[in-house]
Amino acid sequence: MSSGQVNCPPFLFEVFLYAPIDDESSKAKIGNNTVVFTLHKKEAAMWETLSLSVDKEMMQKIREKSILQAQERAKEAMEAKAVARREDQKYTLNVMMKIEEEERKKIEDMKENERIKATKELEAWKECQRKAEELKIIQREEKLYHQEKQMEEKRKKLKHKCLSGNSASKNFATKGRNSGNIFFEKLKEDNIPAPRSVGSIKISFTPRVFPTALRESQVAEEEEWLHKQAEARRAMNTDIPELYDLKEEEKNPEWLKDKGNRLFATENYLAAINAYNLAIRLNNRIPLLYLNRAACHLKLKNLHKAIEDSSKALEILTPPVADNANARMKAHIRRGTAFCQLELYVEGLQDYEAALKIDPSNKIVQNDAEKIRNIIQGTELESK
């Protein structure tokens, strides 16, 4: 039998049919108050009869067997679907890991390219400085050579004048020995310069930058800080393609810093970061540029970049002296704030305590540090 219409449940077919059927290829269609089954034989052979005549007990056993087989098949199908789903998830995870690896490699390549570019720019700047120094040395040597040449010419003129004077005295030797001596003495008097006038010179000393007493101050550290500040003001990198289209004042790091501060005040943080970026490319030894850019990153929740810029500012703000105490305190507070927002409260507390060492009387910093301590203690209690 290939197809037909019956009015009994599907699990009863093997009760009535003469031989088993193929459940996988058999189908059932419901519609118009009827169920149409398309049944396929497991073995292509002629049946001696269409159905079997069995008693009620045998029918019950066959029915239970059919139900168990159906449950087993459903269970196997569910397990197969679960295995397929796990395979799909594994494949998806591998694809995502591969994509992330490619992105990470791309970022590392970009960093390496930037490092190589920065190294080349630094080498080019050093080469320019070396050539400038060589040019200065050559100019100095030429100047010294011209001065020596002029002095040599003056000596020759003076010698010639002396010789002409001696010849004149010989011509007048017939007039008497005394007259020749008088002429020679007069020539010597003409060559001797007049005495200098008496005067007084006033000396004024430049006041010290740091007003602290000598025994209380750190003179060596203060002098080192002043030397670093002077070097930072002279360190300029003008070999940047973006500078060619800028005005002269726009090539000044201080002008760019002020521009970034104005943009920060108007809450245009991205534009402020761009201004600080260009200023840092011009001069990467000014700590306030990193400190102000860290504040922008904090506003934009770029917490890792805020930590990086604050750390760079602290690296430049050395040695620690009174002149840079306020900047160091701001750097510690901004880095500590970023750590706390990343829920790294222990690291954040360390920065706040470092800020309190600089200004122990700051009530705001004291209160914030106490709040962080309470959070840390609460976390420890919860973990216990």
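Our subject in this report is the structure included herewith. Sequence order as written defines the numbering, with residues in each chain counted from 1. Reporting of local features is limited, given that this is a predicted model, to residues whose pLDDT is at least 70; pairs of side-chain atoms are given and counted only at 80 or more, and all residues count toward the totals for whole chains, interfaces and linings. Note that the side-chain values use all heavy atoms of the structure and ignore hydrogens as well as water.

1. Some remarks on the nonpolar core
Ranked by internal contacts, the top residues of the largest apolar core, which has 21 residues, are Leu256, Ala272, Tyr276, Leu289, Tyr290, Leu291 and Cys296. Elements are defined by DSSP. Helices are runs of H or I of four residues or more, strands are runs of E of two residues or more, and each kind is numbered from the N terminus. Within the residue set of this core, elements represented by two or more residues are helix H5 (253-265), helix H6 (269-282), helix H7 (287-299), helix H8 (303-316) and helix H9 (325-341). Per element, the largest residue contribution to this core is 8 residues, and it comes from H6. Any two residues whose heavy atoms approach within 4.5 Å are treated as being in contact. What leucine 291 contacts, discounting residues up to four positions off in sequence, is Ala313, Ala327, Lys330, Ala331 and Arg334. Here the nonpolar core consists of buried residues drawn from Ala, Val, Leu, Ile, Met, Phe, Trp, Tyr and Cys, with membership extended through side-chain atoms lying within 4.5 Å. Here's how the labels work: a residue is buried when its accessible area is under 20% of the maximum for its type, exposed when over 50%, partly exposed in between, all with a 1.4 Å probe on protein chains only. Core analysis: the second largest hydrophobic core is formed by 10 residues, Met329, Leu356, Val365 and Ile376 among them.

2. Side note on the packing of H5 against H7
Think of each axis as a best-fit line through the C-alpha atoms, taken over the contacting stretch in the case of a helix, with angles from 0 to 180 degrees between the N-to-C directions. With their axes 11 Å apart at the nearest point, H5 and H7 run at an angle of 20° to one another. With respect to each other, H5 and H7 are oriented roughly parallel. As H5 runs across H7, the sense of the crossing is left-handed. Each of Pro253, Lys257, Asn261 and Phe264 in H5 lies in contact with H7, whose residues at this interface are Leu288, Leu289, Asn292, Ala295, Cys296 and Lys299. A per-class count over the contact of H5 with H7 returns 6 nonpolar, 2 polar and 2 charged. Roughly parallel means an angle under 35 degrees; roughly antiparallel, over 145; roughly perpendicular, 65 to 115; everything else is oblique. Handedness of a crossing follows from how the near helix is turned relative to the far one, being left-handed for an anticlockwise turn of less than a right angle and right-handed for a clockwise one. Following the grouping adopted for this structure description, the nonpolar residues are Ala, Val, Leu, Ile, Met, Phe, Trp, Tyr, Cys and Pro, the charged ones are Asp, Glu, Lys and Arg, and the polar ones are all others, Gly among them.

3. Quick word on the pattern of salt bridges
Each reported salt bridge corresponds to a side-chain nitrogen of Lys or Arg within 4 Å of a carboxyl oxygen of Asp or Glu. This model, assessed by the stated rule, comprises 14 salt bridges. Aspartate 309 is the partner of arginine 293 in a salt bridge, and the nearest nitrogen-oxygen pair spans 2.8 Å. Residue arginine 293 is found in helix H7, and its partner aspartate 309 is found in helix H8; the two are separated by 16 residues along the sequence. Just as arginine 293 is buried, aspartate 309 falls in that class too. Within this structure, Glu127, Arg130 and Glu134 form a network of salt bridges that share partners.

Function cannot be inferred from these measures alone, as they are strictly geometric.
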